[in-house]
Amino acid sequence: MATCAFLGLGVMGGPMARHLSQKSHDVTVWNRSPEKAAAWAEKGGKGATATSPEQATASADFILMCLGDDPDVEAVFDRIEPTLKAGQIIIDHTTGSAGLARRLETRAKAKGAGYLDAPVSGGQAGAENGQLTVMVGGSPETFAKAEPVMRAFSKQITLIGDSGAGQLAKSVNQICIAGVVQGVAEGLHFARANGLDEAKVIEAISAGAAQSWQMQNRWKTMVDGKFDFGFAVDWMRKDLRIALDAARTSGASTPLTALIDQFYADIQADGHGRWDTSSLISRLNRK
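Because the structure is predicted, anything quoted here is derived from the model rather than measured.

Visitor: So what's going on with the nonpolar core? Which residues, and what values?
Guide: If you look at the biggest cluster of nonpolar residues, it comprises 31 residues, and the most contacted ones within it are Phe6, Met16, Leu20, Phe62, Leu64, Ile91 and Met150. Elements supplying a minimum of two residues to this core: β1 (3-7), α1 (13-22), β2 (26-30), α2 (34-42), β4 (62-65), β5 (89-92), β8 (132-137) and α7 (140-150). Among the elements that make up this core, the one with the highest residue count is α7 (4 residues). Among residues more than four places away in sequence, those in contact with Met150 are Ile91, His93, Leu116, Ala118, Val134, Val136, Phe143 and Ile157. One finds Trp219, Met236, Phe263 and Tyr264 within the second-largest nonpolar core, a separate group that totals 22 residues.

Visitor: Which residues make up helix α11 (residues 233-250), and what values do they have?
Guide: Helix length check: α11, at 18 residues, gives a terminal C-alpha distance of 25 Å against a target of 26 Å (1.5 Å per residue), a fit within 8%. All of the buried residues along α11 are Val233, Met236, Lys238, Asp239, Leu240, Ile242, Ala243, Leu244 and Ala247. Those residues of α11 that are buried lie in contact with α8 (165-193) and α12 (255-269). Just past α11, the residue Gly251 takes up positive phi, approximately 85°.

Visitor: Outline the layout of surface pockets, supporting the account with residue identities and numerical values.
Guide: Its boundaries defined by the atoms lining it, the largest pocket holds a volume of some 1,400 Å³. As for the largest pocket, its lining consists of 50 residues, and the residues nearest its centre are Val11, Met12, Gly123, Gln124 and Phe231. Looking at the lining of the largest pocket, the elements with two or more residues in it are β7 (120-121), α6 (123-129), β8, α8, α10 (213-224) and α11. The computed volume of the second largest pocket comes to approximately 280 Å³. Looking at the lining of the second largest pocket, the elements with two or more residues in it are α5 (98-110), α8 and α11. Broken down by element, the residue count for the lining of the second largest pocket peaks at 8 residues, all from α11. Class assignment of the residues belonging to the lining of the second largest pocket gives a composition of 9 nonpolar, 7 polar and 4 charged.

Visitor: Break down empty space enclosed by the protein for me, with residues and values.
Guide: One pass over the full model with this rule turns up 1 cavity of 30 Å³ or more. Estimated volume of the largest cavity: approximately 30 Å³. Together, Asp70, Val73, Asp92, Gly96, Ser97, Leu100, Ala101, Tyr115 and Gln167 line the largest cavity.

Visitor: How would you explain unusual backbone geometry if you had to name every residue and give the values?
Guide: Leaving glycine out, the prevailing phi sign among residues is negative, and the prevailing peptide bond configuration is trans. Here the phi dihedral of Ser24 falls at roughly 75°; this positive angle occurs in a residue that is not glycine. Locating Ser24 in the fold gives a position in the loop between α1 and β2. Relative accessible area serves as the criterion here: at 51%, Ser24 is assigned to the exposed category.

Rules and cut-offs
Residues numbered from 1 in each chain as written. Predicted model: local features only at pLDDT ≥ 70, side-chain atom pairs only at ≥ 80, totals over all residues. Heavy atoms only, no water. Core = buried A, V, L, I, M, F, W, Y, C linked by side-chain atoms within 4.5 Å. Buried < 20%, exposed > 50% of the residue type's maximum accessible area, 1.4 Å probe, protein only. Helix = DSSP H or I, 4+ residues; strand = E, 2+ residues; numbered from the N terminus. Contact = heavy atoms within 4.5 Å. Expected span 1.5 Å × (residues − 1). 1 Å grid on protein atoms, 1.4 Å probe; cavity = no way out; pocket = protein on both sides within 12 Å on 5 of 7 lines; lining within 4 Å. Points joined across faces, edges and corners; volume = space filled by probe spheres on them. Nonpolar A, V, L, I, M, F, W, Y, C, P; charged D, E, K, R; others polar.

This is how it looks when you write it as structure tokens:
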């Protein structure tokens, strides 16, 4: 059993912290809006609730974060940094930039603490079911200590490389997802435009090379025009911004990702930033 602080109880962090507490770890949680901490307990979370990140992390061996974006992570780190102790390990599950991860690891090391960038994939359903995939950057020694804790809510955990590598791998993940979602959207739109029964088409092609998680889990809701669930367009655009920034820095060519990012911008402009990422098909069907 580990003593853990979990900072950030959103749609991903809340279920992750709940699984952590239900696996007999000693968990203290903190969230900027106190009502989410109260809701976390009502949904089965077991542990203490802190009124500040400093209070939550004071006696924790592991400090897990799942926040919104780089500025959120840095603001919380600034608050807990003065009280960091040698031997503590910070595990940041936020999807952010590799540059920030490297800077914060350096700052944590100066206090004798460990730091891992460990973004997750699997969406809200994966978090709820404890079946997330975790991509990790950091030292092998720190990873070996933290891996058993992360297993509370994960089905696969992979050490990708040094600090920042987890965040870069998450960008790869989001680049691939964006391309696949757009492909499924165009395929379904094409089927409708040509008078095909979408269900029969999916039955025919989903057992072959065209099969994907997005096709299997999203085709029906895409056909029905239902998008009020899942991973929001607003968050995907944040992730793609990070990926495109990293591509510019490294010289990687990502023209399709840049184009799909603009398709998502169209959906935001229509006032649907909270729709699921599968809503790409809505642009096509309105034409």
